[in-house]
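What follows is each chain in one-letter form.
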Amino acid sequence: ENREAMLNSRSNRLTEALEEANALFDGVCRAREAALDAQFLVLASNIGKEKASELHSEMSAFDSTAFAEDLLTFMGINRIEEADDSEDDQSGFLPRDAWKKMGEEAVKYFKRAPVFHYMLGSFKSEPPVPKQRIERQKKASRGKAEQAMPAQLKKMEESHQEATEKEVERILRILQTHFEDDPDTPISFFDFVIDPNSFARTVENMFHVSFLIRDGLARIKLDEDELPIIEPTKPSGGGEEESRAGARNQVIIRLDQREWK
């Protein structure tokens, strides 16, 4: 019934109705009363929405000219003395401390200065020239290198294998020579393989001797003091198959530089 009066911008009837409804809601104890209160809130919301839409606000419009006039007035411009002071004052018709005054006022509304940055760098650079031909040359040269690698590795592997076989044969001849000179004196394994001047050479000797043991060309056993001795095997009538038919034990020998010294 009072809709038109409530929509009036100069009337406070809507606020008074809301305050009266809040007071009445404290005494609500029945479901029907709560439903009436909810119905009133819906009507009040619709009226408030219509009342807000009828208000004329110019906050969304920005008049740059009016803003500039207000800013100049705040900075201390004197339009009357503008013509007289413009020739003598180097800063124009503004006072000397005008920008300082504005800065002191503006700093209250900014927590920090805005960051200055370039969106596309300090200058616009030209796109790089594509190097398709160079890429093809790289791929071609890389393919040639990959084709040459297997042959090179195979050649290195064959040379390393040949060097190992020659070294094993040389050590076998040395062992056989020592044993032929004095067949009754056992040859100490450590005296045979250890190089007093080189730990690396000692390890290589033990590595090459292991091939002799594996192929059945020599054998290692323990003497009375439980120390290993080495001797070449005698060729038997059964040949290589008979020599490999016996029982074998695989042994790992640990030797560090302290023990070598």
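As the structure is a prediction and not an experimental result, all values here were calculated from the model. (Residues numbered from 1 in each chain as written. Predicted model: local features only at pLDDT ≥ 70, side-chain atom pairs only at ≥ 80, totals over all residues. Heavy atoms only, no water.)

Note on aromatic pairs: each is described by the distance of the centres and the angle between the planes. For the coordinates displayed, the defined rule picks out 3 aromatic pairs. Considering the side-chain rings of F199 and W260, the 5.7 Å spacing of their centres and the 70° angle between planes classify their relative orientation as edge-to-face. With a gap of 61 residues between them, F199 in helix α9 (residues 199-214) and W260 in helix α11 (residues 257-260) connect regions that are remote in the sequence. Residue W260 is classed as buried on the basis of its relative accessible area, which comes to 17%. (Phe/Tyr/Trp six-rings, centres within 6.5 Å; stacked < 30°, edge-to-face > 60°. Helix = DSSP H or I, 4+ residues; strand = E, 2+ residues; numbered from the N terminus. Buried < 20%, exposed > 50% of the residue type's maximum accessible area, 1.4 Å probe, protein only.)

Assignment of secondary structure puts F93 in the loop between α5 (82-85) and α6 (98-106). Accessibility expressed as a relative area gives 30% for F93, which makes it partly exposed.

With that out of the way, let us pick up the sheet that holds strand β2 (residues 218-222). Taken in spatial order, the 3 strands of this open sheet run β1-β3-β2, and their pairing is antiparallel. If you trace the sheet from one side to the other, it starts and ends with β1 (187-188) and β2, each paired once. Here β1 pairs with strand β3 (residues 228-232) via 2 bridges, running antiparallel. Following the sheet pairing, S188 is matched in β3 by I229. (Pairing = 2+ DSSP bridges.)

General note: in soluble globular proteins, nonpolar side chains tend to be found buried as a group. Core analysis: the largest hydrophobic core is formed by 13 residues, its most contacted members being L175, F192, V193, V209, L212 and I230. Elements that contribute at least two residues to this core include exactly α7 (132-181), α8 (189-193) and α9. Take this core: its biggest share by element is 4 residues, from α7. Not counting chain neighbours up to four residues away, the residues in contact with I230 comprise L175, I187, S188, F189, F192, V209, A218, R219 and I220. Core analysis: the second largest hydrophobic core is formed by 6 residues, L7, A17, A44 and I47 among them. (Core = buried A, V, L, I, M, F, W, Y, C linked by side-chain atoms within 4.5 Å. Contact = heavy atoms within 4.5 Å.)

Moving on, we come to the pattern of salt bridges. Counted under the stated rule, the structure contains 11 salt bridges. Taking the shortest distance from any N to any O, the salt bridge between E167 and R170 comes out at 2.5 Å. In this pair, E167 and R170 both sit in helix α7, 3 residues apart, roughly one turn of the helix. Of the residues examined, E167 reaches a relative accessible area of 14% and is grouped as buried. With a relative accessible area of 32%, R170 lands in the partly exposed category. Through salt bridges with shared partners, a single ionic network connects E167, R170, R201 and E204. (Salt bridge = Lys/Arg side-chain N within 4 Å of Asp/Glu carboxyl O.)

Let's shift gears to the pairing of β3. If a strand is regular, its side chains alternate between the two faces of the sheet. Among the 5 residues in β3, 5 count as buried, and that is most of the element. Of the two faces of β3, the one carrying P228, I230 and P232 and the one carrying I229 and E231 are both buried. Bridge analysis of β2 against β3 gives 5 bridges, and the strand direction is antiparallel. Its bridge partner lying in β3, L222 is registered against P228. With antiparallel pairing between neighbouring strands as the criterion, β2 and β3 make up a hairpin whose turn holds 5 residues, including E226 at a positive phi of roughly 60°.

Summarising the model, the chain shows a mean pLDDT of 77, and 72% of its residues fall at 70 or more. Of all helices and strands in the chain, the one with the weakest mean pLDDT is helix α10 (residues 240-243) (51), whereas α11 scores best (89). (pLDDT = per-residue confidence, 0-100.)

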